[in-house]
Amino acid sequence: ESATVPSAFTGSSRTKSSSSSEMGDIQRRVLRLCHRELKESLNVEDTVLDYLYSKEIVSQSECKRIRKATDDREAQADMLLETLKSSGSTAFDHFVDALDRSSRRAHKELA
């Protein structure tokens, strides 16, 4: 399973489907398989959340909820990951792009 996780974010599983309003099963599975690693290394205060907001993946109220709900970085990451699962068909691709654009090395490694 660990061999699958790194390749999951390389683009091979990234699908552009503008006709669907929900994230695909494969993309949800990738988020589930990578959940622990993402939760431990994701910093939502970095540019990731702002990027997702600029791409209309998360709303302003979701950003506020994620940022203010807790001071625990892992809990914030968990909230973002759960929000992404219901954020539409392009959410996964934009999330990977946000990780790739991030200045944090850990985010680039996840992307």
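Nothing here was measured: the structure is a model prediction, and the numbers come from that model. (Residues numbered from 1 in each chain as written. Predicted model: local features only at pLDDT ≥ 70, side-chain atom pairs only at ≥ 80, totals over all residues. Heavy atoms only, no water.)

Before going further, it helps to examine the packing of helix α5 (residues 60–68) against helix α6 (residues 73–85). Here α5 crosses α6 at 150°, and the two axes come no closer than 8 Å. Between α5 and α6, the angle is such that the two are roughly antiparallel. Judged by the sense of rotation from one axis to the other, the crossing of α5 with α6 is right-handed. Listed contacts from α6 to Glu62, Arg65, Ile66 and Arg67 of α5 are Gln76, Met79, Leu80 and Thr83. Of the residues that constitute the contact of α5 with α6, the class distribution is three nonpolar, two polar and three charged. (Axes fitted to C-alpha atoms, helices over the stretch in contact; angles between N-to-C directions. Helix = DSSP H or I, 4+ residues; strand = E, 2+ residues; numbered from the N terminus. Parallel < 35°, antiparallel > 145°, perpendicular 65-115°, else oblique. Left-handed = near helix turned anticlockwise from the far one by under 90°. Contact = heavy atoms within 4.5 Å. Nonpolar A, V, L, I, M, F, W, Y, C, P; charged D, E, K, R; others polar.)

Moving on, we come to unusual backbone geometry. Backbone geometry follows two general trends: most residues other than glycine have a negative phi, and most peptide bonds adopt the trans configuration. The phi dihedral of glutamate 56 is positive, around 60°, even though this residue is not glycine. Of note, glutamate 56 is situated in the loop between α4 (47–54) and α5.

As enumerated under the stated definition, the model contains three salt bridges in all. Arginine 36 serves as the salt-bridge partner of glutamate 40, at 3.6 Å between the closest nitrogen and oxygen. Here glutamate 40 pairs with arginine 36, and both are found in helix α3 (residues 35–41), just four residues apart, close to one helical turn. Looking at glutamate 40, the relative accessible area reads 40%, which means it is partly exposed. Since its relative accessible area comes to 60%, arginine 36 is described here as exposed. (Salt bridge = Lys/Arg side-chain N within 4 Å of Asp/Glu carboxyl O. Buried < 20%, exposed > 50% of the residue type's maximum accessible area, 1.4 Å probe, protein only.)

What follows is about the nonpolar core. By size, the foremost hydrophobic cluster in this structure holds 26 residues, and its most contacted members are Leu31, Leu42, Val48, Leu52, Leu80, Leu84 and Phe95. Among the elements of the structure, α2 (25–33), α4, α5, α6 and α7 (91–101) are those that each provide at least two residues to this core. By residue number, the principal contributor to this core is α7, which donates six residues. Aside from chain neighbours lying at most four places away, what touches leucine 52 is Ile57, Val58, Leu80, Leu84, His94 and Phe95. (Core = buried A, V, L, I, M, F, W, Y, C linked by side-chain atoms within 4.5 Å.)

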